[in-house]
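Observations on the three-dimensional arrangement
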Amino acid sequence: MLKKILLFGLLCLGILGRAQEYPIDYTFGEKYNDRYKYSNLLAIEDDGKGGSILVRAYYTGLILKPKGYLIEHYDENLQLISEYNYKLKDGEFVDGYFRNGQLYLLFLDYNIEAEAYEYWVHRSPIEPFSFTSEKLLSFVSAPVRQPLDKNYYNRNFNSGFTTTVLFPENRNSFIISTHYKKGKNNRHEIYLFSSNLKQVMYQDFSSEIEEKNYAFERVEVSNDLSRVFIIGKAYFKKRRFTALERKFQYELIRLTPSGITNLTFDSEGKYSESLTPLFNQGNLICVGFYADRKDNRYNGLAYFRVDPSSMEIEVKKYNPFTEQFMYDKFGQEYDKEIQNLVFKSAVVTPDNHILFNAEEYFVTQSVQANSSGGRIRVERYHHNDIVSAKLDPDGNTVWARNINKSEVTQGDGAYTSYSALTRDGKTYFFISTAADNPQVLNKERIIFKQGLSRNRNVFVIQLDELGQMSYEKIIDSKDARLPLMVSSPLIDAPEGKILFYAKRGTKKQLVNVAIH
């Protein structure tokens, strides 16, 4: 009886659970009613006092249309302090961040009267909320279908306006890249802004696009904002390609107040893919994947150590996928191909090893009948296998593992994919699935499938310092009645904490997970 009373007390206090094998605790916040059944989580930020700020776009009406933004402020105990309904209907949300006591929301608007695209920032303190707006940039252009269009494989560089916004990992700044093409007018410009919206740098990139179009993917910025390093795909304009041949090369672009410097990585028989830049001990490290042919297959892990001053490659390593990795993914069927890997996260450990993670991601399309008898095109987003690797300080593979996973969604991707947290040399992957257990193929070969139930379990997969894999169900679907948005958390790596937002219909709550 005493045990039952104690258990009931824990449930009333918020339910504190512990995994059987891993040093993991989780805490459920209070469930709250929510007036908006249909919404998307856009940003989740630390408020600097142990609490969190969430920004959601909400939709109402018989035909769902965006109506505004609901901003939620929670304290360190997962209690809802305040909500603010920012009834802003115009503009496309780009990103949001919290800095120096202010919440910043970045939008791309189209001004019909001026016939121009405009970047606006709306900012407000959080106690209380009181938004003001400021225009950052303006670009004359006819309206286009997707000015912020971004995908991982094919970019549209036809006539018109396209733009990209990228933040470095520490979010101390951001770049805005704009490309406009109409007739002989073909210009590409790059702006660097500090987090307090001061324009720090401008570069006219137009001279670089005579033979190539650039699709920027990731950025690193020095702490003093004097140097910007951008990784991007450079698509060749005037070459002929076979149907399967890749039409681009990865490049590193350095911007300084004095000019632009480009660095290419590829050499004969080695073609880079999905690279990301990292600062480490005065060097710039670029890690990712490579192929040994000009097609869409991957053959291993790539590592480049670059001198950020001279922009010369000091160390270059190509590591073929290990036998363990190939066995994880395919079992005994070694003749299959690895494709569609998209970088997710990377960490440099205190002993200068690099742990980085990716996901097998692709989009499929089909045509299906709708309720009125017509036919519509449907896009499905596939979030499949997790790829994780460890490189030593010289760029050699320590281990590489593949975690088999199969998920597909047509709408909000926040509930699919995964999040990762590295602590004490171990990497923990958090996934949400309706399946009660993964399918064990043999030994450590496991596969997590999406499942059909509305309620979902939360699993943690651990890769230790040696790359040994294990897994544990840490939250049962009977406890987690609301599904967690596992791919959109707030991660506090130094403290080993990860905060998830859980929502279904008109109910919502926060879930905090701590690794000790």
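Placed above this text is the structure.
Let me begin by describing the structure that accompanies this report. (Residues numbered from 1 in each chain as written. Predicted model: local features only at pLDDT ≥ 70, side-chain atom pairs only at ≥ 80, totals over all residues. Heavy atoms only, no water.)

Counting buried positions along helix α2 (residues 323-330) gives six out of eight residues, so the element sits mostly inside the fold. Taken together, the buried positions of α2 are occupied by F325, M326, Y327, D328, K329 and F330. Structurally, α2 contributes buried residues whose contacts are with β25 (354-369), β26 (375-391), β27 (397-409), β30 (439-442), β31 (445-449) and β33 (469-475). Once α2 ends, the next one or two residues include G331, with phi positive near 70°. (Buried < 20%, exposed > 50% of the residue type's maximum accessible area, 1.4 Å probe, protein only. Helix = DSSP H or I, 4+ residues; strand = E, 2+ residues; numbered from the N terminus. Contact = heavy atoms within 4.5 Å.)

Okay, the packing of aromatic side chains next. This structure, assessed with the given rule, holds 40 aromatic pairs. Ring centres of Y26 and F28 lie 5.6 Å apart, and the angle between their planes is 55°; this geometry places the pair in the tilted category. A single burial state applies to Y26 and to F28, both of which are buried. Connected via pairs of aromatic rings, a cluster forms that spans Y110, Y117, F139, F161, Y191 and Y202. Lying over the aromatic face of F167, R171 brings its terminal NZ or CZ to 4.3 Å of the ring centre. (Phe/Tyr/Trp six-rings, centres within 6.5 Å; stacked < 30°, edge-to-face > 60°. Lys NZ or Arg CZ within 6 Å of the ring centre and 35° of its normal.)

So, about the pattern of salt bridges. Under the counting rule described, the total for this entry stands at 24 salt bridges. One salt bridge in this structure joins D34 and K508, with 2.8 Å as the shortest N-O distance. Taken together, the residues span a long stretch of sequence, with D34 in the loop between β3 (32-33) and β4 (38-46) and K508 in strand β36 (residues 507-515) at a distance of 474 residues. As far as the burial class goes, D34 and K508 line up, both buried. Residues R35 and E83 are paired through a salt bridge, measuring 3.4 Å at the closest nitrogen-oxygen approach. Highlighted residues: R35 in the loop between β3 and β4 and E83 in strand β7 (residues 80-86), separated in sequence by 48 residues. (Salt bridge = Lys/Arg side-chain N within 4 Å of Asp/Glu carboxyl O.)

In spatial order, the strands read β20-β21-β22-β23; together these four strands make up an open sheet with antiparallel pairing. Looking at the sheet topology across the chains shown, the edges are occupied by β20 (271-280) and β23 (312-320). Direction aside, the axes of adjacent strands within the sheet are offset by 20° on average. By the bridge criterion, eight bridges tie strand β22 (residues 300-307) to β23 in an arrangement that is antiparallel. Looking at β23, one finds that D307 is bridged to E312. (Pairing = 2+ DSSP bridges. Axes fitted to C-alpha atoms, helices over the stretch in contact; angles between N-to-C directions.)

The subject of this paragraph is the sheet that holds β25. In a beta sheet, neighbouring strands are held together by backbone hydrogen bonds and run either parallel or antiparallel to one another. Strand order in the open sheet formed by six strands is β24-β25-β26-β27-β31-β30, with mixed pairing between adjacent strands. Strands at the two margins of the open sheet, each flanked by one partner only, are β24 (341-348) and β30. Put simply, the sheet's adjacent strands are angled 20° from each other on average, direction ignored.

Further remarks concern the side chain of N357. Mapped onto the elements of the fold, N357 is located in strand β25. By relative accessible area, N357 is classed as buried at 3%. Side chain to side chain, N357 and S388 meet in a polar contact 2.8 Å long. Beyond its immediate chain neighbours, meaning those up to four positions away, N357 contacts F343, K344, S345, V387, S388, Y418, A420, T427 and F429. (Polar contact = N/O pair within 3.5 Å; in protein donor to acceptor, adjacent residues only side chain to side chain.)

Read these as spatial facts, not as claims about activity.
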